[in-house]
Amino acid sequence: MTNQPAKTETPAGQRVLSDAIVAEIKAYFPRYPTLQAVTLPALHVVNAHLRHVPLQAVVEIAELLELAPAQIQDTLSFYGFFKQDAPHGETRAWVCRSVSCALRGGEEIFAYMCQKAGIEPGQTTDDGKLTLEFGECLGACEFAPCMLAGDTLHKNLTEESAGKFLQSPTG
Amino acid sequence: MRWNLLSEFEPILLANIHREHSHTLRVYEEQGGYRSLKRVLADQPREAFRDLIKGSALRGRGGAGFPCGLKWTFLPENHPGPVYFCLNADESEPGTFNNRILMEEDPHQVLEGLILSCYATKAATAYIYLRYEYPLAYKHLQSAIDELYAAGYLGDGVCGSEFSLNIYLHRGAAAYICGEETGLIESLEGRRAWPRIKPPFPAVEGAFRKPTVVNNVETAACVKQIADRGVDWFRSLGTPPDPNNPRDPGSFGPKLYCLSGHVEKPGCYEAPLGITVSELINDFGGGVWKGRKAKAAVPGGISMGLLTADELDCKLDFSGPGKYGCLGLGTAAVVVLDETVSIVDFLHNTCRFFAHESCGQCTPCREGTSWSLKMLDRIRAGQGRLLDLDLLLEIGDFIGIMPGTTICGLADGAAWPIKNAIRKFRDEFEEYIKRTNPTGYMETSPPLALELHSIH
Ligand SMILES: Cc1cc2nc3c(=O)[nH]c(=O)nc-3n(C[C@H](O)[C@H](O)[C@H](O)COP(=O)(O)O)c2cc1C
Ligand code: SF4
Ligand code: FES
């Protein structure tokens, strides 16, 4: 029942950053006095396009920013945010487990959603549509329990609204 | 000034959020927006504006309550520059969402405050470090910034003055520690967000090794309001300095209080600094939900610790929560726990948060937060011992910048819920441990691990 879509191995020498991605990254250069500061923006650009940041992309970002790949990888691995082995689902959803949501049933809703979707926390559904993860406080505690799916905040989750979301997860 | 009902206080910071298209330049200007900026740029030298903010005694709204104008004066005089400004929009303290509302609903108020702050500090580049989980704030801030460039409020010669400024949005990647000001700077520079040892403070050596000011989003909004309404107005709200404490700068101005957890009407409410927790819960929040009683409340984000039901007369100003053994006002985010909540579960939740968010640089914080979580896991699995409570307190008393063992304040924030929860609710912990581990609660030999834990 896992979920990991096939690994996206890149044959050596095949570039993964398209010209468009490279141009998008380079647009950030004038904003900062150092190239290294473009690391996070570059990771976000790649992640937005590829839904993960494979090692080959790390190498190519490093070339662009005139850094060693290890410097990019060091920063990347600090944040739990960027997946490397396989893309996350078409929609990536974070269900809040921090205190205000937990007080209003957030953890139970998350367990319910995982069970309904047939996956463990952090995994992606077999059809590749949805990745479900724990999030820490989403800064929307007045709508507890809540979930951020892509760019959409789902407020005051109930089993019913969560079930509906699972039927056609979009963000 | 006094209001019969606190909820009748007329909002200032939130005055515009309910207007249609409140996030647009047009609506903001219709309400008098950017008039103060034009006036200040035209006739107030930057030193004079800086001194105005200093005179208001505005204290930072990001958690530490440091006087804003005073921080600005720490920038070296006659530095060749550049000076950088970082607006801290990482808002990740559990329970806190006031910055989000300002950025989503009234981004121009924040931006006008930011431009004024940059003018006062000679910053020509500002980065807004925005947590990734705020996509709507990102959208609204970016379109507001685009509007400002198009209208001549940003770029070369702001409003035709000599002052030039660029503002860029910089998105985080879901890590709480990026809110700590030097963690933020490291993250901005493209490295892991490991907080720096201070001194040097950012004002002397910050982003890209240049003098840097870090301020919170709500602090910037207050700067704009002080420019509009003046120092006397600002100082007419809040709590004056304690006459018995010569170092207390007082707690002036309006404040955005976040209220969540077990209340009828969770939300973000504006009132002067210094209202009490029960006023917030009852006058604004409609009371504890389902007609229940409160058991405890977090005064200002979980880092600040815990108040018992008997302590809800605590004033929410910069000196209030400290009088009840809490860490401070923090973000003034109150989370209410009703009488059905297990404090063991509450503490488990806070310990899990800090174990997850510790950046791992300092041994006392990395190990202290993860061991406190492992102990709470074990207690909840029915294998707790009374001795664990003393061990937890030892961790609580030992980790942090207060005891002087760590680089940043995350560890103090991890320690305070532990110390407050166990010291204020010890009976409940003891009862829980005895009930769930009737044969082993007096054990003192080393416990077996619940499972093999991986090293991070
Ligand atoms: C672990 C930790 C997390 C923090 N998170 C934030 C945050 O999300 N937003 C914020 O404004 N300040 C945060 N702070 C406080 C900042 O370090 C800094 O004091 C503040 O941004 C200064 O702005 P102010 O003076 O306007 O309050 C945090 C501090 C610590 C120790
Ligand atoms: S106290 Fe904790 S979060 Fe802060 S620098 Fe040390 S290890 Fe990192
Ligand atoms: S605790 Fe869930 S959004 Fe804040």
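Since the structure is predicted, the reported quantities are computational estimates derived from the model, not experimental observations. (Residues numbered from 1 in each chain as written. Chains lettered and ligands numbered in written order. Predicted model: local features only at pLDDT ≥ 70, side-chain atom pairs only at ≥ 80, totals over all residues.)

Caption draft 1: Quick look at the overall build of chain A. Scanning chain A for helices and strands turns up seven helices and four strands. Seen in sequence order, chain A has helices and strands lined up from the N terminus as α-α-α-α-β-α-α-β-β-β-α. Across its three principal axes, chain A shows a C-alpha extent of roughly 50 × 35 × 25 Å. For chain A, the residues scored as buried account for 44% of the 171 residues in total. (Helix = DSSP H or I, 4+ residues; strand = E, 2+ residues; numbered from the N terminus. Buried ≥ 20, exposed ≤ 12 C-beta atoms within 10 Å, placed from the backbone.)

Caption draft 2: Local environment of the overall build of chain B. Each helix and strand counted, chain B has 15 helices and eleven strands in total. The principal-axis extents of the C-alpha atoms in chain B amount to approximately 80 × 50 × 45 Å. In chain B, 69% of the contacts between residues at least 6 apart in sequence involve partners at least 24 apart. (Contact = placed C-beta atoms within 7 Å.)

Caption draft 3: Here's a closer look at the site of ligand 1. Residue and element names in this part refer to chain B. Lining the immediate surroundings of ligand 1 are 24 residues, of which Gly-60, Gly-62, Gly-179, Asn-216 and Gly-409 lie closest. Elements supplying a minimum of two residues to the shell around ligand 1: strand E4 (212-216) and helix H14 (410-424). In the shell around ligand 1, the residues fall into seven nonpolar, eleven polar and six charged. Residues from two domains meet in the shell around ligand 1; each of domain 1 (6-236) and domain 3 (343-436) gives at least three. (Near = placed C-beta within 6 Å. Nonpolar A, V, L, I, M, F, W, Y, C, P; charged D, E, K, R; others polar. Domains from an automatic or database assignment.)

Caption draft 4: Up close: the interface of chain B and chain A. Contacts between the two partners involve 40 residues from chain B and, on the opposite side, 30 residues from chain A. Elements supplying a minimum of two residues to the side of chain B that touches chain A: strand E3 (166-171), helix H8 (181-188), strand E7 (254-261), strand E8 (267-272), strand E11 (333-338) and helix H11 (343-357) of chain B. For the side of chain B that touches chain A, the residue count by class is 20 nonpolar, twelve polar and eight charged.

Caption draft 5: The arrangement of the nonpolar core in detail. With 190 residues, the main nonpolar core has Cys86(B), Ala297(B) and Val334(B) as its most contacted residues. If we ignore the near neighbours within four places in the chain, the residues touching Cys86(B) are Tyr127(B), Tyr129(B), Leu184(B), Ile185(B), Leu188(B), Ala207(B), Thr212(B) and Val214(B). (Core = buried A, V, L, I, M, F, W, Y, C linked by C-beta atoms within 7 Å.)

Caption draft 6: Expanded view of the site of ligand 2. All names here are of chain B. In the vicinity of ligand 2 there are 14 residues, among which Cys-359, Cys-362, Cys-365, Thr-406 and Cys-408 approach most closely. Of all the secondary-structure elements, those providing two or more residues to the shell around ligand 2 are helix H12 (363-383) and H14. Here the residues of the shell around ligand 2 sort into nine nonpolar, four polar and one charged.

Caption draft 7: The arrangement of the environment of Phe143(A) in detail. Structurally, Phe143(A) can be placed in the loop between strand E2 (130-135) and strand E3 (147-149). Aside from chain neighbours lying at most four places away, what touches Phe143(A) is Lys155(A) and Asn156(A).

Caption draft 8: Fine view of the domain arrangement of chain A. Annotation of chain A at the domain level lists domain 1 (1-87) and domain 2 (91-167). For domain 1 of chain A and domain 2 of chain A, the distance between their C-alpha centres works out to 27 Å.

Caption draft 9: Representation of the domain arrangement of chain B. Residues and elements named next belong to chain B. Along its sequence, chain B is organised into domain 1 (6-236), domain 2 (251-338) and domain 3 (343-436). Computed from C-alpha atoms alone, the centre-to-centre distance between domain 1 and domain 3 is 35 Å. The interface of domain 1 with domain 3 comprises nine residues on the first partner and eight residues on the second. Class assignment for the residues of the side of domain 1 that touches domain 3 results in seven nonpolar, one polar and one charged.

Caption draft 10: Region of the structure containing the packing of H12(B) against helix H13 (residues 386-398) of chain B. All names here are of chain B. In the contact formed by H12 and H13, the axes pass within 10 Å of each other and the chain directions differ by 155 degrees. In terms of orientation, H12 lies roughly antiparallel with respect to H13. Crossing geometry of H12 relative to H13 is assigned as left-handed. Of H13, the residues touching H12 (which contributes Pro-364, Gly-368, Trp-371, Ser-372, Met-375 and Ile-379) are Asp-388, Leu-391, Leu-392, Ile-395 and Phe-398. (Axes fitted to C-alpha atoms, helices over the stretch in contact; angles between N-to-C directions. Parallel < 35°, antiparallel > 145°, perpendicular 65-115°, else oblique. Left-handed = near helix turned anticlockwise from the far one by under 90°.)

Caption draft 11: Looking closely at the sheet that holds E3(A). Residue and element names in this part refer to chain A. In space, the four strands of this open sheet follow the order E2-E1-E3-E4, with mixed pairing throughout. The open sheet has two edge strands, E2 and strand E4 (152-154), and neither has a second partner. Strand-to-strand twist across the sheet, computed as the mean angle between neighbouring axes with direction ignored, equals 20 degrees. Relative to E2, strand E1 (residues 91-96) runs parallel, the two sharing six bridges. The partner of Trp-94 across the bridge, within E2, is Glu-133. (Pairing = 2+ DSSP bridges.)

Caption draft 12: Just helix H6 (residues 106-117) of chain A, in detail. All names here are of chain A. Taking 1.5 Å of rise per residue, twelve residues should cover 16 Å, and H6 covers 16 Å from first to last C-alpha, within 8% of that figure. For H6, the set of buried residues is Gly-106, Ile-109, Phe-110, Met-113 and Ala-117. Looking straight down H6, one finds that the buried residues subtend no more than 100 degrees of arc, so they occupy a single side. Residues of H6 that are exposed and point more than 90 degrees away from the buried face comprise Glu-108, Ala-111 and Gln-115. Gly-118 occupies a position one or two residues after H6 and carries a positive phi of about 70 degrees. (Expected span 1.5 Å × (residues − 1). Arc of directions from axis to C-beta.)

Caption draft 13: Just the packing of helix H5 (residues 98-105) of chain B against helix H7 (residues 135-150) of chain B, in detail. All names here are of chain B. Packing of H5 against H7 brings their axes to within 7 Å, and their N-to-C directions diverge by 40 degrees. Taken together, the axis directions place H5 and H7 in an arrangement best described as oblique. Where H5 crosses over H7, the handedness of that crossing is left-handed. Between H5 and H7, the residues in contact are Arg-100, Met-103 and Glu-104 and Leu-136, Ala-137, His-140 and Leu-141, respectively.

Caption draft 14: Quick look at the environment of Arg39(B). Residue and element names in this part refer to chain B. Inspection of the secondary structure puts Arg-39 in helix H2 (residues 35-43). The exposure class of Arg-39 is exposed, given the 12 C-beta atoms found within 10 Å. A sequence separation of 273 residues divides Arg-39 from Leu-312, and the C-alpha atoms of the two residues are 43 Å apart.

Caption draft 15: Up close: the confidence of the model for chain B. Overall, the predicted model of chain B reaches an average pLDDT of 96, with 97% of residues at or above 70. Scored by ipTM, the complex comes to 0.95, with pTM at 0.96. (pLDDT = per-residue confidence, 0-100.)

Caption draft 16: Broad picture of unusual backbone geometry. With an omega of -5 degrees, the peptide bond between Ala144(A) and Pro145(A) qualifies as cis. For Arg209(B), which is not a glycine, the phi torsion comes out positive at approximately 60 degrees. Looking at the secondary structure, you find Arg209(B) in the loop between H8 and E4. For Arg209(B), a count of 12 C-beta atoms within 10 Å corresponds to the exposed category. For Lys290(B), which is not glycine, the phi torsion reads 55 degrees and is therefore positive. Within the fold, Lys290(B) resides in the loop between helix H10 (277-284) and strand E9 (294-298).

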